[in-house]
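What follows is the residue order along each chain.
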Amino acid sequence: MTLIDSLRAEAVAAPESGIVAVVNYGRTREGMIPLWAGEGDLPTPAFISEAAAKGLANGETFYTWQKGIPELRQALSRYYARHFGKNFAEEEFIATGSGMHAIQLALAAVAGSGDEVVYLSPAWPNFAAAAGVSGATPVAVTLDQSGNGWSCDVDKIAAAITPRTKALFVNTPSNPTGWTADRETLQAILDLAREKGLWIIADEIYSLFHYGHGRAPSFLDISTAEDRILFVNSFSKNWAMTGWRIGWIKTHPDLQQVFENLIQYSTSGVAQFMQRGAVAALDYGDAFIVEQVERAHAARDLVCGIIGATGKARFTVPQGAFYLFFTVDGLTDPRRAAFDIVDKANVGLAPGTAFGPGGEAFLRLCFHRRLDQLEEAAQRLAGWMKTV
C-alpha cells in the first residue's frame, strides 16, 4: 500500500484545479496578461490597509472573537441596511477565513457522507470539489443557453432532487457565465426548497457587480427569517481584497453558536487586525465599489466588442460578475487551447472544462482589469482565433 492509498478517499479524489493548472504553466511568462483568475488588478485601497496596519501596530495579534469582532458584525449589519434595505442584528453574521471557508462551513452544517447537494453548472469548481471533500455528492444541473442568453430551468432542479438531497447551491450573478437570476427564478427556487425541506446555500458575492439597474436580485428580497438559507460571501471582489482571505456568513441568529463552534474547530477565527481592515471596507468603501463596477462595465463592453468583431466567438454578454464565457468556432479542446493561448498569445484564460458540465466548450476571460491592457489582450486573442 502506498502513502496515497492510506489517505481518506475523498481527499485523494479532490481534483486539481483546471484554472490553477494553466496559471502555473504561464505565470512566469514575461509580458503575460493574466485574465485567468477571478480578481482585478487594483491593490487593496489604502484606507483599508491602513486600518489593518493600525490594528497591527496597536497589538491586535491575540486570540479574538471566533465569530468576528462586534465592530465587524455591526458594520455588516449597516452594509446590508444600505444595499439590501434589510435590518439584521449583528448576531446574524459570522466572520470566516475567506468566502471559500464560508462555503466549507455551510456544507459542514447541512450535508455530509451519503448526502447530495444540487448546484447550477457551469460553476466555479471549488464548490463541487468542497462538497466532495466533505463526503457529500455534488449533483450538477446545467443552465440552459440559447440566443436569449443563459437561463435556469427550475424543473430541471426539481428533477435532480432525491431523498438524499440536503441543499441547493445557487451562485448569482454567476461565475463563470454571468447569468443573473431574476426575482421570479429566485422565487421558484425558494418555493421548491420550501416544498422539499432543503437548505439553500446562496453565493451572492457578485450582487453589486450587476450591469442592470442597481444590484442584482437577491434571495433577501423574497425570503423570511425562518427560511433555510445560508448566505456565503467574501471581501475579495468588492474591495480588491482577494489575498486577505476573509469572508462572512449571514444566517439565522439561532445558528450563531453552531457556526461559532465550526469556526473553533477549523480556523479558530480571523486575525483581529485584518477584521479592522474589513470594517473600514464596509463603512467607507461604497464609493470604491461604484468605481469598480463602472470600470468593469466599460471593460466588459470593450472586450465583447473586440472579440465579437472577429466573427468567430460566440457568447452571451454577461449581466453580472466580471467574466466573459465564450466559445470559438472550430475549437474542439478548450483545455489544450488555454495552454496554446499562453504560448502563442501570452494571454492567460481559464478553460471551460474547469467549470464542470455545460462548460466543456468554453473559455473564461476575467475582464476586471485596466482598459489598455484588456484591449491589448483582446487584440492578441483575436489574432490567435484566426489560427483556429
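Bear in mind the structure is a predicted one, so any value in this text is a computation, not a measurement.

Rules used in this analysis
- Every chain is numbered on its own, with residues counted from 1 as its sequence reads.
- Only residues with pLDDT of at least 70 get local features here, since the model is predicted, and only at 80 or more are side-chain atom pairs given and counted; chain-wide, interface and lining totals rely on the full set of residues.
- Only hydrogens and water are removed before side-chain values are computed, so all heavy atoms of the structure are retained for them.
- A run of DSSP states H or I qualifies as a helix once it reaches four residues; a run of E qualifies as a strand once it reaches two. Both are numbered from the N-terminal end.
- For the radius of gyration, the atom set is restricted to C-alpha positions; the globular benchmark scales as 2.2 Å times the number of residues to the power 0.38.
- Throughout, exposure labels follow a simple rule: accessible area from a 1.4 Å probe, protein chains only, divided by the maximum for the residue type, with under 20% read as buried, over 50% as exposed, and the rest as partly exposed.
- Any two residues whose heavy atoms approach within 4.5 Å are treated as being in contact.
- Note on areas: Shrake-Rupley with a 1.4 Å probe; residue coverage comes only from the protein chains shown.
- Positive residues here are Lys and Arg, negative ones are Asp and Glu, while His and the chain termini are left out of the count.
- Lys charges are placed at NZ, Arg charges at CZ, Asp charges at CG and Glu charges at CD.
- For patch detection, residues must exceed 30% relative accessible area and be free of salt bridges, and they are connected within 9 Å for like charges or within 5 Å for nonpolar side chains (Val, Leu, Ile, Met, Phe, Trp, Tyr).
- Within this document, salt bridges are pairs made up of a side-chain nitrogen of Lys or Arg and a carboxyl oxygen of Asp or Glu, the two lying within 4 Å of each other.
- Strand pairing is assigned whenever DSSP identifies at least 2 bridges connecting the two strands.
- Angles run from 0 to 180 degrees between N-to-C directions of axes, and those axes are lines fitted to C-alpha atoms, restricted for helices to the stretch in contact.
- Think of it this way: a Phe, Tyr or Trp ring, Trp meaning its six-membered ring, pairs with another when their centres are within 6.5 Å, and the plane angle makes it stacked under 30 degrees, edge-to-face over 60, tilted otherwise.
- Lysine NZ or arginine CZ positioned within 6 Å of the ring centre and within 35 degrees of the ring normal marks a charge as sitting over the ring.

Colleague: How would you summarise the overall build of the protein if you had to cite specific residues and measurements?
Modeller: Assigned secondary structure in the protein consists of 13 helices and 15 strands. In terms of C-alpha radius of gyration, the protein reaches 21 Å, essentially the compact-globule figure of 21 Å for 388 residues. Considered along the principal axes of its C-alpha atoms, the protein spans approximately 60 × 55 × 50 Å. Out of the 388 residues belonging to the protein, those deemed buried represent 54%. Relative to all contacts within the protein whose residues are 6 or more apart in sequence, the contacts with residues 24 or more apart total 75%. For the protein, the accessible area works out to roughly 16300 Å², and carbon and sulfur atoms hold 51% of it. Of the charged side chains in the protein, 33 are positive and 41 negative; the average position of the first set lies 3 Å away from that of the second.

Colleague: Give a detailed account of a nonpolar patch on the surface, specifying residues and quantitative values.
Modeller: There is a patch of nonpolar side chains on the surface, built from Ile4, Leu7 and Val12 and spanning about 280 Å² of accessible area. Among the structural elements, Val12 can be located in helix H1 (residues 9–13). Overall, Val12 belongs to the partly exposed group, its relative accessible area being 41%.

Colleague: Kindly report on the environment of Arg194, identifying the contributing residues and their values.
Modeller: Following the sequence through the fold, Arg194 ends up in helix H8 (residues 183–196). Considered as a pair, Arg194 and Ala123 are 71 residues apart in the sequence and their alpha carbons are 23 Å apart.

Colleague: How would you explain the sheet that holds strand S11 (residues 313–315) if you had to name every residue and give the values?
Modeller: Across the sheet, which stays open at both edges, the 4 strands sit in the order S11-S12-S15-S14 with antiparallel pairing between neighbours. Across the chains shown, the open sheet's two edge strands, defined by having one partner strand only, are S11 and strand S14 (350–351). Note: S14 against strand S15 (residues 363–366), 2 bridges, orientation antiparallel. When the bridges of S15 are listed, Pro351 appears paired with Leu363. With respect to the sheet, helix H11 (residues 286–308) is in contact with S11, strand S12 (323–328) and S15, its orientation differing from that of S11 by roughly 135°.

Colleague: Got a sec to walk through helix H12 (residues 334–345)? Specific residues and values, please.
Modeller: Taken residue by residue, H12 has Pro334, Ala337, Ala338, Phe339, Ile341, Val342 and Ala345 as its buried positions. Looking one or two places after H12, you find Asn346, whose phi comes out positive at around 55°.

Colleague: I'd love a proper account of the packing of aromatic side chains, names of residues and values included.
Modeller: The tally for this structure, following the rule as stated, stands at 22 aromatic pairs. Of note, Arg29 hangs over the ring of Tyr25, and the distance from its end group to the ring centre comes to 4.8 Å. One Lys or Arg, Lys250, reaches over the ring of Phe88 and ends 4.3 Å from the middle of that ring.

Colleague: Describe in detail the sheet that holds strand S10 (residues 247–250), supporting the description with residues and values.
Modeller: The strand order across the open sheet built from 7 strands is S2-S10-S9-S8-S7-S3-S4, with neighbouring strands paired in mixed fashion. Both edges of this open sheet fall to strand S2 (93–96) and strand S4 (137–142), since each of them pairs with a single strand only. Neighbour-to-neighbour, the strand axes of this sheet turn through a mean angle of 25°, independent of strand direction. As paired elements, S2 and S10 share 4 bridges and run antiparallel to each other.

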